[in-house]
Every structure is written in structure tokens, then in C-alpha cells.
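What follows is the residue order along each chain.
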Amino acid sequence: SQITVYAADVPGLFSYICGALAAKGFNIWSAHIFSTTDGFAINKFYVTDLENRPLSEGLRLDRLRKDLNKVIQGKMDVEEMIAHHRTRQPRRSLPRAVHPTSVIIDNKSSQCYTIVEIRTADRPGLLYRITRALSRCQLDIHRSIIATEAYGVVDVFYVTDMEYNKIHGAPDQEQIRRALVDAADAE
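What you see is a predicted model; the values in this text were computed from it and never measured.

The next point concerns the packing of aromatic side chains. Tallied over the entire structure, the rule returns three aromatic pairs. Here Tyr113 and Tyr158 contribute two aromatic rings whose centre-to-centre distance is 6.2 Å and whose plane-to-plane angle is 90°, an arrangement assigned as edge-to-face. You can see Tyr113 sitting in the loop between strand 4 (102–106) and strand 5 (114–120) and its partner Tyr158 sitting in strand 7 (residues 152–161), a full 45 residues away along the chain. Taken individually, Tyr113 and Tyr158 each receive the classification buried, so the pair is uniform in this respect.

With that settled, consider the pattern of salt bridges. Side chains that differ in sign of charge can pair as their charged atoms come close. Inspection of every chain in the model, using the stated rule, returns eight salt bridges. Across the pair Arg53 and Asp49 runs a salt bridge, and its minimum N-O distance is 2.9 Å. A single network of salt bridges, built from pairs that share partners, joins Asp49, Glu51 and Arg53.

In this section: the pairing of strand 5. Of all seven residues in strand 5, five are buried; the element is thus mostly enclosed. In the sheet, strand 4 pairs with strand 5 via five bridges, with the strands oriented antiparallel. In the sheet register, Ile104 faces strand 5, and the bridge partner there is Glu117. Taken together, the seven bridges between strand 5 and strand 7 define a ladder with antiparallel strand orientation. If you follow Arg119 over to strand 7, its bridge partner there is Val154.

On to the sheet that holds strand 3 (residues 40–49). In space, the seven strands of this open sheet follow the order 1-3-2-6-7-5-4, with antiparallel pairing throughout. Both edges of this open sheet fall to strand 1 (2–8) and strand 4, since each of them pairs with a single strand only. Strand-to-strand twist across the sheet, computed as the mean angle between neighbouring axes with direction ignored, equals 20°. As paired elements, strand 2 (residues 26–35) and strand 6 (residues 139–149) share five bridges and run antiparallel to each other. Bridge pairing in strand 6 places Ile33 opposite Ser144. With respect to the sheet, helix 1 (residues 13–23) is in contact with strand 1, strand 2, strand 3, strand 6 and strand 7, its orientation differing from that of strand 3 by roughly 20°. Where helix 4 (residues 126–136) meets the sheet, it contacts strand 2, strand 5, strand 6 and strand 7, and its direction lies at approximately 20° from that of strand 7.

Moving on to the confidence of the model for the protein chain. Residues with a pLDDT of 70 or more make up 92% of the protein chain, whose mean pLDDT is 88. When pLDDT is averaged over each helix and strand of the protein chain, the minimum, 74, is found for helix 3 (residues 78–88) and the maximum, 98, for strand 4.

This part takes up the environment of Ile141. For Ile141, the position within the fold is in strand 6. For Ile141, a relative accessible area of 11% translates into the label buried. Note: C-alpha distance between Ile141 and Ala7 (134 residues apart in sequence) is 14 Å. In this structure, Ile141 is in contact with Phe14, Ile33, Ser35, Thr131, Leu134, Phe157, Tyr158 and Val159, ignoring residues within four places of it in sequence.

All right, on to the packing of helix 4 against helix 5 (residues 170–185) then. For the pair helix 4 and helix 5, interaxial distance at closest approach is 9 Å and the crossing angle is 155°. Here helix 5 runs roughly antiparallel to helix 4, going by the angle between their axes. Both helix 4 and helix 5 take part in a crossing whose hand is right-handed. Mapping the contact onto sequence places Leu126, Arg129, Ile130, Ala133 and Leu134 in helix 4 and Ile176, Ala179, Leu180, Ala183 and Ala184 in helix 5.

Right, let's talk about the environment of Ser15 for a bit. Tracing the backbone through its elements, the reader meets Ser15 in helix 1. Separated by 115 residues in sequence, Ser15 and Ile130 place their C-alpha atoms 8.1 Å apart. Beyond its immediate stretch of four places on either side in the chain, Ser15 contacts Tyr128, Thr131 and Arg132.

Rules behind the numbers
Residues numbered from 1 in each chain as written. Predicted model: local features only at pLDDT ≥ 70, side-chain atom pairs only at ≥ 80, totals over all residues. Heavy atoms only, no water. Phe/Tyr/Trp six-rings, centres within 6.5 Å; stacked < 30°, edge-to-face > 60°. Helix = DSSP H or I, 4+ residues; strand = E, 2+ residues; numbered from the N terminus. Buried < 20%, exposed > 50% of the residue type's maximum accessible area, 1.4 Å probe, protein only. Salt bridge = Lys/Arg side-chain N within 4 Å of Asp/Glu carboxyl O. Pairing = 2+ DSSP bridges. Axes fitted to C-alpha atoms, helices over the stretch in contact; angles between N-to-C directions. Contact = heavy atoms within 4.5 Å. pLDDT = per-residue confidence, 0-100. Parallel < 35°, antiparallel > 145°, perpendicular 65-115°, else oblique. Left-handed = near helix turned anticlockwise from the far one by under 90°.

Structure, rendered in C-alpha cells:
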């Protein structure tokens, strides 16, 4: 199923939406985000339920729409939504990683952005944890390409610092790398 969210582009928006989708028990198979020049963001997600089925119309989608609006407007806390969801859902075993988590930080391929690529095993809530880690590193996500493949996920983020600069310093890049590995490998 496709979910599109158009909202004012504020720091952490993508992370909040990913958290709300994870809290509702949806798998995010792919996502594309774009920031517009007039201060908005278009976030397009392709999702399934936890049994990999398309979402059915009805009450569940209506509740998701209402909760997403509350999250975007700052009227609902994503962490509380996730905690509430955890108490209602049975714990599933996590897949074993075929390859260790890897993070590549590239400043050469884009003139304006630092490109961060993360490859890891897929698990519930992963995209939220990754985007929350990027947000906590004070990075602004301008564009993103999220893909789930047979062996795991490949998530690519075009980022800058909050002043629209690329991330050049080795200590800053290592902090980002460590934060992403920790987020991806957390249970």
C-alpha cells in the first residue's frame, strides 16, 4: 500500500512519520522523500502489515491518518505510541544478519549533500531508529531512498547539518557512523 504525507518540512519529520508507521505495526518496504523549495516535504511510503499483506481500507487506516496528523502537529509523542504498541503485540524473533551493518559516508557524489548509505538486516522499527539517530546527530534529511531487498535493507540519505553544510570532519562522520550502527543493531 502507498502512503503519502505532505507536510511542513521540520527537523525530524521523516523520523516521526517512520515511528508512527512502526507503532501501528507496518513494514516499510520503500520510501522516497523530497524537500521542496517552499519549505514542505513529500514523504511517500510503500508499506504492508507485519504479514506482508497490503493494508485494508477501513478503521485501521482512519486511525493511522488521525495519529499521523497528531504526530505531525506535535500533539502526540511517537515514543509513547511505540511503547503502547509494544505492549499490545507479541514479540517476534529478529532475523539474523547475513552481513554486519555497514555505513558509507560519501561527500564526492553530490555537490550539495553528504550521502549516507546504510546496509543492514531488516527488523521492525528499523527505519525509525535510523532516522531518529540521524536527527539526534543534528542532520537534516533532504532526500531519501529506502529499499528492502532479499538480504536486508539499503537506506540512502542525502543530508546536511542544520546550516545546510556537508559533513566533512572525520570525528563528525565517525559519530554518525557509530550512531547508525548502534541504532540498526539495537533490538
